[in-house]
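So the chains spell out like this:
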Amino acid sequence: ILLPTAYAASFGGCISLVGQAPSMVANGILAKMAPEYGQFAFFEFAWFGLPLTLLAALLFGLFPRFLVPPAREDVAELKEIETPEGGIHMWIAGGIYFLVIICMATGLVPLTSAAMLGAMLCVMTRCMTLKQAQAGIDWTTVWLFAGMLSMSFAMNKSGAAQLIADFVVSYFSDPYILFGVLMLVTGILTNIMSNTATTAIMVPLVIPIALGMNLSPLPFVMGIAMSAAACYMTPIATPSNTLVLRPGNYTFGDYVRYGFFWQVLSFALAVLIIPSVWPFMP
């Protein structure tokens, strides 16, 4: 059940802004490089993520024999892991979480302020210690995000992004073909890199390409983000894929075998849905 659970985390993560790191990275770079187009709303990603999640749940229920790996005798034993204490702190932490989500979704509080407020409330109510809060920060993602934002700004100002955009435009003039190619490249890169790094590399390149063709960057940025978030064919494509590799005793071939179908399905849904919701013409 571990591999389908990992895939389900990717499906559901495509529903909101905070569900997957690529969504947040793409939104930040979009605001930096094309501020006139604004940013995606908190649940705007659900136009793609919700149909994907519902369809996946239906298919898992109807065809488990083909989509779920069979039980094995040699599955590695799971080590005991530390679980947080229950009681009142569990309910307080849950309440704080939903408060933060409501603030983010409604726009009552800016995203970063809402996240910091939630973290501070968890420490103040002793749901976690300050040391635990600091240990929970993924500094690799933070520095990658910050560095790529600066690099994207430098590429835009120096003209490097425009040079790449002109080169790509000279080969692909049809926006649908360009959209499909960029999503395909993103999917391939994500399966051999992290989805966050792939998004941070691709989005700064795709925005000048779209603007250079007098097209809206929104469908392209959304396509890149969702293509990076919905990747299933290798254990390093997404954090959820990596987490189940060892406890499930999976092989690389297992990810290819069971992930290929979901990769194709996600790509097809993105091609059908994204240009319809966010048109190419501004």
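Residues numbered from 1 in each chain as written. Predicted model: local features only at pLDDT ≥ 70, side-chain atom pairs only at ≥ 80, totals over all residues. Heavy atoms only, no water.

**A word on the overall build of the chain**
A tally of helices and strands in the chain yields 14 helices and 0 strands. When its helices and strands are written in sequence order, the chain yields α-α-α-α-α-α-α-α-α-α-α-α-α-α. Burial statistics for the chain: of 282 residues in total, 42% are counted as buried. In the chain, 76% of the contacts between residues at least 6 apart in sequence involve partners at least 24 apart. Accessible area for the chain stands at about 15400 Å²; split by element, carbon and sulfur atoms hold 71% of it. (Helix = DSSP H or I, 4+ residues; strand = E, 2+ residues; numbered from the N terminus. Buried < 20%, exposed > 50% of the residue type's maximum accessible area, 1.4 Å probe, protein only. Contact = heavy atoms within 4.5 Å. Areas by Shrake-Rupley, 256 points an atom, 1.4 Å probe, with all protein chains shown as cover.)

**Section: the packing of aromatic side chains**
Applying the stated criterion across every chain yields a total of 14 aromatic pairs. Here Tyr 7 and Tyr 232 contribute two aromatic rings whose centre-to-centre distance is 5.2 Å and whose plane-to-plane angle is 80°, an arrangement assigned as edge-to-face. Of this pair, Tyr 7 sits in helix 1 (residues 2-13) while Tyr 232 sits in the loop between helix 12 (218-229) and helix 13 (239-245), and the two are 225 residues apart along the sequence. (Phe/Tyr/Trp six-rings, centres within 6.5 Å; stacked < 30°, edge-to-face > 60°.)

**Some details on helix 5 (residues 88-106)**
Between the first and last C-alpha of helix 5 there are 27 Å, a value that for 19 residues agrees with the 27 Å anticipated at 1.5 Å per step. Residues of helix 5 that are buried: Ile 96, Val 100, Ile 101, Cys 103 and Met 104. The buried residues of helix 5 occupy an angular sector of 165° when projected down its axis, which confines them to one face. Of the residues in helix 5, the exposed ones pointing more than 90 degrees away from the buried face are Ile 88, Trp 91, Phe 98 and Thr 106. For helix 5, the secondary structure elements touched by its buried residues are helix 6 (111-124). The positive-phi residue at the C-terminal boundary of helix 5 is Gly 107, with phi of around 80°. (Expected span 1.5 Å × (residues − 1). Arc of directions from axis to C-beta.)

**Focus on the nonpolar core**
Core analysis: the largest hydrophobic core is formed by 63 residues, its most contacted members being Ile 207, Phe 220 and Trp 262. The contacts of Trp 262, once residues within four sequence positions are left out, are Tyr 7, Phe 11, Ala 56, Leu 59, Phe 60, Leu 67 and Tyr 232. (Core = buried A, V, L, I, M, F, W, Y, C linked by side-chain atoms within 4.5 Å.)

**A short note on the packing of helix 2 (residues 21-33) against helix 11 (residues 195-212)**
Running from amino to carboxyl end, helix 2 crosses helix 11 at an angle of 30°, the nearest separation of the two axes being 9 Å. In terms of axis orientation, helix 2 runs roughly parallel to helix 11. For the pair helix 2 and helix 11, the sense of crossing is right-handed. On the side of helix 2, the interface is formed by Ala 21, Pro 22, Val 25, Ala 26, Ile 29, Leu 30 and Met 33, while helix 11 contributes Asn 195, Thr 196, Thr 199, Ala 200, Val 203, Pro 204, Ile 207 and Pro 208. (Axes fitted to C-alpha atoms, helices over the stretch in contact; angles between N-to-C directions. Parallel < 35°, antiparallel > 145°, perpendicular 65-115°, else oblique. Left-handed = near helix turned anticlockwise from the far one by under 90°.)

**Considerations on a nonpolar patch on the surface**
Together, Leu 184, Ile 188, Ile 192, Phe 267 and Val 271 line one region of the surface with nonpolar side chains, adding up to about 440 Å² of accessible area. Mapped onto the nonpolar patch, the elements with two or more residues apiece are helix 10 (175-192) and helix 14 (252-277). With 3 residues, helix 10 is the largest single contributor of residues to the nonpolar patch. Along the chain, Ile 188 falls in helix 10. (Patch = residues over 30% accessible without salt bridge, like charges linked within 9 Å, V, L, I, M, F, W, Y side chains within 5 Å. Salt bridge = Lys/Arg side-chain N within 4 Å of Asp/Glu carboxyl O.)

**Overview of unusual backbone geometry**
With the exception of glycine, most residues fall at negative phi, and the peptide bonds are largely trans. Even without being a glycine, Arg 126 presents a positive backbone phi close to 65°. For Arg 126, the location among the structural elements is in the loop between helix 6 and helix 7 (130-135). Residue Arg 126 is classed as exposed on the basis of its relative accessible area of 68%. Positive phi outside glycine occurs at Asn 249, with the angle close to 55°. For Asn 249, the position within the fold is in the loop between helix 13 and helix 14.

**Some words on the packing of helix 10 against helix 12**
Running from amino to carboxyl end, helix 10 crosses helix 12 at an angle of 30°, the nearest separation of the two axes being 8 Å. As judged from the angle between their axes, helix 10 and helix 12 are roughly parallel. Pair helix 10 / helix 12 crosses with right-handed handedness. Together, Pro 175, Leu 178, Phe 179, Leu 182, Met 183, Thr 186, Gly 187 and Thr 190 of helix 10 and Pro 219, Phe 220, Gly 223, Ile 224, Ser 227 and Ala 228 of helix 12 make up the contact between the two elements. Class assignment of the residues belonging to the contact of helix 10 with helix 12 gives a composition of 9 nonpolar, 5 polar and no charged. (Nonpolar A, V, L, I, M, F, W, Y, C, P; charged D, E, K, R; others polar.)

**Description of the confidence of the model for the chain**
In low-pLDDT segments, the atomic positions of the prediction should not be examined closely. On average, the chain scores 85 in pLDDT, and the residues at 70 or more come to 87%. Taken element by element, the predicted model of the chain shows its lowest mean pLDDT in helix 8 (residues 139-158) (66) and its highest in helix 3 (residues 46-62) (95). (pLDDT = per-residue confidence, 0-100.)

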